[in-house]
Amino acid sequence: MSSADRVPEKPALEGLEAKWESAWEGQGTYRFNREAALAARAASTGSTTVGTGAVFSIDTPPPTASGSLHIGHVFSYTHTDVVARFQRMRGQNVFYPMGWDDNGLPTERRVQNYYGVRCDPSLPYDAEFVPPHEGGDGKSIKAADQKPISRRNFIELCDRLTKEDEKQFEELWRTLGLSVDWTQTYRTIGHEALFTSQLAFLGNVERGEAYQAMAPTLWDVTFRTAVAQAELEDKEQPASYYRVAFEKTDGGTIEIETTRPELLPACVALVAHPDDERYKPLFGTTVRTPLFDVEVPILAHHLAQKDKGSGIAMICTFGDVTDVVWWRELDLPNRAIMGFDGRIITEAPDVITSETGIAAYEQLAGKTVFSAKAAVVDLLKASGDLIGEPRSIVHPVKFFEKGDKPLEIVSTRQWYIRNGAKDEALRTRLLEHGNDLEWHPDFMRVRYENWVNGLTGDWLISRQRFFGVPLPVWYPLDADGNPVFDEPIVATREMLPVDPSSDTAPGYTEDQRGVAGGFRGEVDVMDTWATSSLTPQLAGGWERDPELFDLVYPYSLRPQGQDIIRTWLFSTLLRAELEHGTSPWKHAALSGFIVDPDRKKMSKSKGNVVTPAGMLEQHGSDAVRYWAASSRLGTDAAFDPQNPTQIKIGRRLAIKILNASKFILGFEGSADAPITEPIDASMLANLAAVVETATAAFDNFDHARALETTESFFWTFCDDYLELVKERAYGESGDAQASAVAALRTALSTLLRLFAPFVPFATEEAWSWSNDDSVHLASWPLASELQTGATSGNAALLDLASRALTNIRRAKTDAKASQKAAVDSALISGPADDIALLQLAAADLQAVGRINELSFVAGVELAVTDIVLVTVSES
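Keep in mind that this is a model prediction, so the values were computed, not measured. (Residues numbered from 1 in each chain as written. Predicted model: local features only at pLDDT ≥ 70, side-chain atom pairs only at ≥ 80, totals over all residues. Heavy atoms only, no water.)

Draft legend 1. Geometry of the overall build of the chain. Each helix and strand counted, the chain has 26 helices and 30 strands in total. C-alpha extents for the chain along the principal axes are approximately 115 × 65 × 55 Å. The buried share of the chain, taken over its 875 residues, is 55%. Contacts in the chain between residues at least 24 apart in sequence constitute 78% of all its contacts with a sequence separation of at least 6. When the accessible surface of the chain is split by element, carbon and sulfur atoms take 49% of a total near 36,600 Å². Computed over 84 positive and 123 negative side-chain charges, the separation of the two mean positions in the chain equals 3 Å. (Helix = DSSP H or I, 4+ residues; strand = E, 2+ residues; numbered from the N terminus. Buried < 20%, exposed > 50% of the residue type's maximum accessible area, 1.4 Å probe, protein only. Contact = heavy atoms within 4.5 Å. Areas by Shrake-Rupley, 256 points an atom, 1.4 Å probe, with all protein chains shown as cover. Lys, Arg positive; Asp, Glu negative; His and termini not counted. Charge placed at Lys NZ, Arg CZ, Asp CG, Glu CD.)

Draft legend 2. View of the sheet that holds strand β8 (residues 225-226). Strands sit in the order β8-β7-β16-β18 across an open sheet of four strands; the sheet is antiparallel. Both outer strands of the open sheet, β8 and β18 (459-460), are each paired with one neighbouring strand and no more. (Pairing = 2+ DSSP bridges.)

Draft legend 3. Spatial organisation of the pattern of salt bridges. The full count for this structure, using the stated rule, is 51 salt bridges. In this structure, the salt-bridge partner of R187 is D102, at a minimum N-O distance of 2.8 Å. Here D102 lies in the loop between β3 (98-100) and α5 (105-115) and R187 lies in strand β6 (residues 185-187), a separation of 85 residues in the sequence. The same class applies to R187 and to D102, which are both buried. Salt-bridge contacts for D844 lead to R728; the nearest nitrogen and oxygen are separated by 2.8 Å. (Salt bridge = Lys/Arg side-chain N within 4 Å of Asp/Glu carboxyl O.)

Draft legend 4. The sheet that holds strand β20 (residues 473-476), seen in detail. With antiparallel pairing, three strands are arranged side by side in an open sheet as β21-β20-β22. Every other strand in the sheet has two partners, leaving β21 (489-490) and β22 (519-521) as the edge strands with one partner each. Both β20 and β22 contribute to a ladder of three bridges, which runs antiparallel. In the strand pairing of β22, W474 is matched with G521.

Draft legend 5. Just helix α9 (residues 355-362), in detail. Those residues of α9 that sit buried are G357, A360 and Y361. Axial view of α9: buried residues confined to an arc of 100°, hence all on one face. What points out from α9, more than 90 degrees from its buried face, is the exposed set E355, T356 and E362. Of the surrounding elements, those touching the buried residues of α9 are α10 (369-383). (Arc of directions from axis to C-beta.)

Draft legend 6. A look at the side chain of E765. The topology assignment puts E765 in helix α23 (residues 760-768). E765 gets classed as buried once you look at its relative accessible area, which sits at 8%.

Draft legend 7. Spatial organisation of the nonpolar core. By size, the foremost hydrophobic cluster in this structure holds 124 residues, and its most contacted members are W173, W627, M683, F714, F717, Y721 and L744. Ignoring anything within four residues of it in the chain, the contact list for F714 reads L653, K656, I657, A660, L751 and F755. Listed in part, the 77 residues of the second largest apolar core include L437, W459, W529 and L590. (Core = buried A, V, L, I, M, F, W, Y, C linked by side-chain atoms within 4.5 Å.)

Draft legend 8. Structural context of the packing of aromatic side chains. Scanning the model with the defined rule gives 32 aromatic pairs in all. Seen from their ring centres, F549 and Y553 are 4.7 Å apart, and the 20° between their planes marks the pair as stacked. Pair check on accessibility: F549 and Y553 agree, each one buried. Note on F717 and Y721: the rings are 5.7 Å apart at their centroids and 20° apart in plane angle, and the pair reads as stacked. Placement of both F717 and Y721 in helix α21 (residues 703-730) is noted, with a separation of four residues, approximately one turn of the helix. Under the relative-accessibility criterion, F717 is labelled buried at 1%. For Y721, a relative accessible area of 0% gives the class buried. These aromatic residues form a ring-pair network of at least three members: F32, F95, F549, Y553 and Y555. Geometry around Y125 places R152 over its ring, the cationic atom sitting 3.8 Å from the centre. (Phe/Tyr/Trp six-rings, centres within 6.5 Å; stacked < 30°, edge-to-face > 60°. Lys NZ or Arg CZ within 6 Å of the ring centre and 35° of its normal.)

Draft legend 9. Examining the environment of E170 more closely. Examined against the element boundaries, E170 turns out to sit in helix α6 (residues 151-176). We classify E170 as partly exposed; its relative accessible area is 24%. Residues E170 and E128, 42 residues apart in the sequence, show an inter-C-alpha distance of 30 Å. Look past the residues within four positions of E170 in its chain and what remains in contact with it is W100 and W182.

Draft legend 10. Here's a closer look at the environment of A671. Looking at the element boundaries, A671 is found in the loop between α19 (645-665) and α20 (678-699). Note on A671: relative accessible area 36%, which makes it partly exposed. Residues A671 and W459 lie 212 residues apart in sequence; the distance between their C-alpha atoms is 61 Å. Residues within four places of A671 in sequence aside, it is in contact with A742, R745 and T746.

Draft legend 11. Main features of helix α24 (residues 795-814). With 20 residues, α24 ought to run about 28 Å at 1.5 Å a step, and its terminal C-alpha atoms sit 30 Å apart, in line with that. Looking only at α24, the buried set comprises L797, L798, L800, A801, S802, A804, L805, N807, I808, A811 and K812. Sitting at the amino-terminal end of α24 is N794, which places a side-chain oxygen 2.9 Å from the backbone nitrogen of A796. With its phi angle positive at about 60°, K816 sits one or two positions after the end of α24. (Expected span 1.5 Å × (residues − 1). Polar contact = N/O pair within 3.5 Å; in protein donor to acceptor, adjacent residues only side chain to side chain.)

Draft legend 12. The arrangement of the packing of α20 against α24 in detail. For the pair α20 and α24, the least separation of the axes is 7 Å and the interaxial angle reads 110°. Viewed along their axes, α20 and α24 adopt a mutual orientation that is roughly perpendicular. Two secondary-structure elements touch here, α20 through P678, I679, S682, M683, A685 and N686 and α24 through A795, A796, L797, L798 and A801. Taken together, the residues of the contact of α20 with α24 sort by class into nine nonpolar, two polar and no charged. (Axes fitted to C-alpha atoms, helices over the stretch in contact; angles between N-to-C directions. Parallel < 35°, antiparallel > 145°, perpendicular 65-115°, else oblique. Nonpolar A, V, L, I, M, F, W, Y, C, P; charged D, E, K, R; others polar.)

Draft legend 13. Representation of unusual backbone geometry. The amide bond that connects T317 to the next residue, F318, takes the cis arrangement and shows omega of 0°. Residue position: F318 is located in the loop between β14 (312-316) and α8 (321-329). Looking along the chain, the bond that leaves Y553 and enters P554 is cis, with omega of -5°. For P554, the position within the fold is in the loop between α15 (546-552) and β24 (555-561). Here E543, not a glycine, exhibits a phi torsion of approximately 65°, which is positive. Considering the arrangement of structural elements, one finds E543 in the loop between α14 (535-540) and α15. A residue is classified by how much of its surface remains accessible, and E543, at 38% relative accessible area, is partly exposed.

Draft legend 14. Up close: the environment of D350. With respect to the helices and strands, the residue D350 is situated in the loop between α8 and α9. A residue is classified by how much of its surface remains accessible, and D350, at 70% relative accessible area, is exposed. On a C-alpha basis, the gap between D350 and R335 in space is 8.4 Å, while along the polypeptide they are 15 residues apart.

Draft legend 15. Focus on the side chain of Q464. Mapped onto the fold, Q464 is located in the loop between β19 (462-463) and β20. The class for Q464 is buried, based on a relative accessible area of 18%. Here the side chain of Q464 touches Q414 through a polar contact of 2.9 Å, side chain to side chain. A polar contact is formed between the side chain of Q464 and the side chain of D524, at a distance of 2.8 Å. In contact with Q464, other than residues within four places in its own chain, are W219, F223, R224, T225, A226, Q414 and D524.

Draft legend 16. Quick peek at the pairing of strand β11 (residues 267-272). By the criterion of burial, β11 is predominantly enclosed, with six of the six residues buried. When β11 meets β14, the two strands line up antiparallel, connected through five bridges. Within the sheet, the bridge partner assigned to C267 lies in β14 and is C316. In this structure, β11 lies alongside strand β13 (residues 295-300), joined through three bridges in parallel fashion. Note that in β13 the partner of L270 across the bridge is I298.

Right, here's the structure in full:
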């Protein structure tokens, strides 16, 4: 079948996504070829030279499978896909998997709302359970009305819903044209993820990198779970400073200012800066707390601020993270009064012994923070210890990034992984890995370095949740039935994956669960980042498929959002250092944010998120991909769904690619004919420069530059070069006609390959009209391919001819004549060198301009394409 027979009468974008996605899947276009990778490695002794078939592996971000994808996902995942497509065309064997991050609080919250349930681990499993509600977001169902169900029933619902979400996500990704190998997928709660996560944890325990400790813990009272440092978010909140008087033991008072008067019963000391002359004489003395009459010391610490409040602060266990630092470094007692539910605990600290103190505490017990604060303020007013009126302020307060209430700090027993906060040698290695990593853009590196240098504590990985990877440990129970936490029973590799809440501890029988002398299973699960930090190992088959892991690790690329450098990027690099002593990747590519027309970051919490399905359906996937690829890495992009200008431009480009391809393939001829005409050689010389620029841009992970360069040339090619040579290409057979067709077909082949990473559907469609293979498996164009027959081509000629053509068109417009009107005569003047060059395109200019007599004059100091004389006739 000839090219002309394959070209549709009316090329269109509609339907291309379904047509080509199905074809790609059936043909295995994007499959990772393990056998070829092994052969290439053997032949090249591990060379990663371009075109050798070496592996280019991508540690793809697994999107959270709860709810729906938004336009920000399309933005960043397109950035990754254009790189994958480019590398594949360079001859690399691309390993491009896809994972689903389906364990975590977002999934649990979605399940609660979707099915109208909540988890109660004390309830038995109901094999016949049917959820009371299904569909929608369920947010109208009050928490009190959610039906309590067993943990196993709850996990089954989580599993069911995430699988449905993942199907929808995959369908959208396929519509977008991600060149993912869909045979390489994983779930962060799947069997393989459970095995990998638990095995890595066992290694951490064995090497002393994982440990448990009773310590102050950031706690979300809504979700009833611990929160790690990386999950914090500061939110500006209104508050009030209360000035409170403490009595000195030798008479007089010291006044402090606090926003947390409800924590007075947990006060353990007052603290001031060691250089503060006002308080130096008081260091080492004591004061008594108002209302509760507890003696506490006055101490010095460099974190105290001279210019904040009265310059002296109370240390409570615990009001904020600074309290934790003071408590730890000054070796103070723990008098925590905050419960896991965000209420003041019933039992007062044992140091409160006075009748008035006990009576005051009884008025706080069981109250929320808000109510306790109001009660304490009333008591302070009554006792005369509140000085003046409260002073209103707005200050940053710590929140869990997914929570809606301020965090509290409670004392809990949790599992930690060492992260360099307390280990200078580990911190140094992590910084070295960050320095060796190629960052795109490079300025993102400092964000990683600042995070590592600013770590204040080890990574808290245990969570009090239900749908997650269980911590694979049990605890023996002593003769009184109390757990011996310092002697955990760790699972063996052969047992993995394991759930200690239902599986029996090694060396015990199930009837010993929960009885004295028996065992108790750990009920906590791992932080979702403790699993996501192992995506290189999960996707690469670590300890499950050593051959595959050896081929893909370390990965070539980690693409991700800039907002999760501190979480996903850092934690992955940490786990790779602990497990392998290496960095997990060679390059890190960081996408910017999507912002709304007011330049505000799009997020679900702000309610300004746009879902992409409608945009893809209305404008086509190539158009949406064009919009995404037009933004450089690390750069925020504004998106207005009411006026998506860039998407409309992208659609216009995709349509033009189809129409230009149809037009060019309509000429009789071959791409193999000699290039004999200077203007053809000039066009190919210009295209060779485009190929060099686009290739260098891609090599530097600057896809936007590659697109911009290619697109700019393409429009000149269509608007000017095609017009200049079409009369010759339509003409009688001969060297000049063959040269035009050869140049056009060569340019078309090159341009389709240059555009293929960005607009995969339109380019595949157009490529199929004259080729039997896929453009996405074709070789990336080389500048040297375009130099045959064009070595003498002067690149400036095309620009000069384009400018001349523009002025010929303008002259006709000024004369109020049709562009098809014939011109009796025209004179083009300009510098001698330019005129000499432009005369090489005289025949094409004369034909396209319908000029009967075209003359040139040199030496006149005018712009080269100024038309001096044009006489128009309507022949």
